[in-house]
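Chain by chain, the residues run as shown.
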Amino acid sequence: MTIPSLLLAGGRWRCFPLPLASSLFQALHNSCCRKESTAPKKIIPHIDFSDETAKESGKTLDKLFSSEQQASILHVLNTASNKELEAFKLLRGKKSFNIVEHRKKFGPFQNLESLMNVPLFQYKITIQVCNSILNPETGGKKKKLQESRLLRKLIKPEIGRERVKAVNSIVSIVSGTRRIAWAHLDRKLAVLDWQQTEYCQLMKGSYLSSVYLEEISSIISKMPKADFYVLEKAGPSFQNPSLFPVLLHFHMTEAMLYALLNTTFAQDGHHQVLSMNRNAVGKHFELMIGDTRTSGKEVVKQLLSESVLKDEPRVFFPPEKIVRYRQMFSSTEHNRVEELYDSLLQAIAFYELAVFNTES
């Protein structure tokens, strides 16, 4: 018995002779195929609304802008070069290129609606572009945005430009493995105080928090009051596991300085302690070789000399203190006390990059 000889009849399988079963099987197959082929197909008409929608959008564009505004927009679209179009934020990249290419192929734009024929220009984008052409960012607004971006890269946490512009004095603090140095400067770049303190015992023993608290509290007690306290943000990342204690020391010192300075000198709940990018300071004084920052000793030495020799030096050291500062510098020349040099350079860079560079 073969498979074709078994057919379902009345809900049960029946056995038929092979020739008869084959005939029945073929008849059923033909019937099914005939039904499928002769069944009427539903035809759903396709309605293309694209042209109609584009026309409606074009009419709306004409209503959104007056005839004078449309003329101004079309003048820019038809005469501006690729580079000039990129001056508008929304036309940077491919959009400006597409506009110029469309002009070459089809001639000048006759109306705002024709801008929607350019690739990447849908209805909403077209409106935004037209508005941006009518109301470009002013030079002052662009400058403020650039200054805000600069501040975000330069100092953390983020702080308003107005607070930075109003600063009268800062204390710049740089810590190392053996000492902490700070420089107190006012907005005239007069060095009001500049000193360092040894704290060798912090790198010995088990790095007890209580020892750090005691040592750093003592150092902070000697610091003057200022609008901001600026810490150096070096962010060292050591691949050598043996240098992990050094990294731990830097992080503990930074955390203690943040907490204690904000607690000691807090004003109206605002941030008083900021971090400044170490490499940004290095670039400002041309101390960078690749990603490595070199010593600032020679720059500081020059600043000390200029303070005596020039009528308008870059940094002003008060006459009653210049001798002491020069003696302090001379005593460190052989030891290369980088923290002392860096604290002064960081303070100068803060004013020149963050304060004077953002003034209107």
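Just so we're clear, the structure is a prediction, and the values are computed from it rather than from any experiment.

What counts and what doesn't
- Residues numbered from 1 in each chain as written.
- Predicted model: local features only at pLDDT ≥ 70, side-chain atom pairs only at ≥ 80, totals over all residues.
- Heavy atoms only, no water.
- Helix = DSSP H or I, 4+ residues; strand = E, 2+ residues; numbered from the N terminus.
- Contact = heavy atoms within 4.5 Å.
- Areas by Shrake-Rupley, 256 points an atom, 1.4 Å probe, with all protein chains shown as cover.
- Pairing = 2+ DSSP bridges.
- Axes fitted to C-alpha atoms, helices over the stretch in contact; angles between N-to-C directions.
- Parallel < 35°, antiparallel > 145°, perpendicular 65-115°, else oblique.
- Nonpolar A, V, L, I, M, F, W, Y, C, P; charged D, E, K, R; others polar.
- Expected span 1.5 Å × (residues − 1).
- Buried < 20%, exposed > 50% of the residue type's maximum accessible area, 1.4 Å probe, protein only.
- Core = buried A, V, L, I, M, F, W, Y, C linked by side-chain atoms within 4.5 Å.
- Left-handed = near helix turned anticlockwise from the far one by under 90°.

## Details of the overall build of the protein chain
- Along the protein chain, the regular secondary structure elements total 14 helices and ten strands.
- Put simply, of all contacts in the protein chain between residues at least 6 apart along the chain, 65% involve residues at least 24 apart.
- With the model as given, the accessible surface of the protein chain reaches about 21700 Å², and the carbon-plus-sulfur share is 56%.

## Let's talk about the sheet that holds strand S6 (residues 191-198)
- Read from one edge of the open sheet, six strands run S3-S8-S7-S4-S5-S6, paired in mixed fashion. Edge strands, defined here as strands with exactly one partner in the open sheet, are strand S3 (155-156) and S6.
- Sheet analysis places S3 next to strand S8 (residues 273-277), joined by two bridges and oriented antiparallel. Note on S8: the bridge partner recorded for Lys-156 is Ser-275.
- Lying on the sheet, helix H10 (residues 244-265) is in contact with S3, strand S4 (169-175), strand S5 (179-186), strand S7 (228-233) and S8; it crosses S7 at an angle near 170°.

## Regarding the packing of helix H3 (residues 67-79) against helix H6 (residues 123-134)
- For the pair H3 and H6, interaxial distance at closest approach is 10 Å and the crossing angle is 95°. Taken together, the axes of H3 and H6 are roughly perpendicular relative to one another. Together, Gln-69, Ser-72, Ile-73, Val-76 and Leu-77 of H3 and Cys-130, Ile-133 and Leu-134 of H6 make up the contact between the two elements.
- Here the residues of the contact of H3 with H6 are counted per class, giving six nonpolar, two polar and no charged.

## Examining helix H5 (residues 94-106)
- Between the first and last C-alpha of H5 there are 18 Å, a value that for 13 residues agrees with the 18 Å anticipated at 1.5 Å per step.
- Three or more residues of H5 are buried, namely Ser-96, Asn-98, Ile-99, Val-100, His-102 and Arg-103.
- On its buried side, H5 packs onto H3 and helix H4 (82-85).
- Of the residues one or two after H5, Gly-107 is the one with positive phi, at around 85°.

## Here's the deal with the nonpolar core
- The biggest cluster of nonpolar side chains holds 43 residues, and the ones touching the most others in it are Leu-185, Trp-194, Met-276, Phe-317, Leu-344 and Phe-350.
- For this core, the secondary structure elements donating two or more residues are helix H7 (139-154), S5, S6, S7, S8, helix H12 (297-309), helix H13 (319-332) and helix H14 (338-355).
- A total of twelve residues in this core trace back to one element, the largest contributor, which is H14.
- What Phe-350 contacts, discounting residues up to four positions off in sequence, is Ile-155, Ile-170, Phe-228, Val-230, Leu-274, Met-276 and Val-355.

## Description of the pairing of S7
- Counting buried positions over the six residues of S7 gives five, a clear majority of the element.
- In this structure, S4 lies alongside S7, joined through four bridges in parallel fashion. When the sheet's bridge partners are listed, Val-171 is paired in S7 with Tyr-229.
- Pairing geometry for S7 and S8, over five bridges, is parallel. Residue Lys-233 lies in a different strand from S8, and its bridge partner there is Asn-277.

## What about the packing of H12 against H14?
- H14 packs onto H12 with a crossing angle of 70° between their chain directions and a minimal axis gap of 9 Å. As summarised for this structure, H12 and H14 are arranged roughly perpendicular, according to the angle between their axes. Once H12 is placed against H14, the crossing between them reads as left-handed. Touching Lys-297, Val-299, Val-300 and Leu-303 of H12 are Tyr-341, Leu-344, Leu-345 and Ile-348, all from H14.
- Looking at the contact of H12 with H14, its residues break down into seven nonpolar, no polar and one charged.

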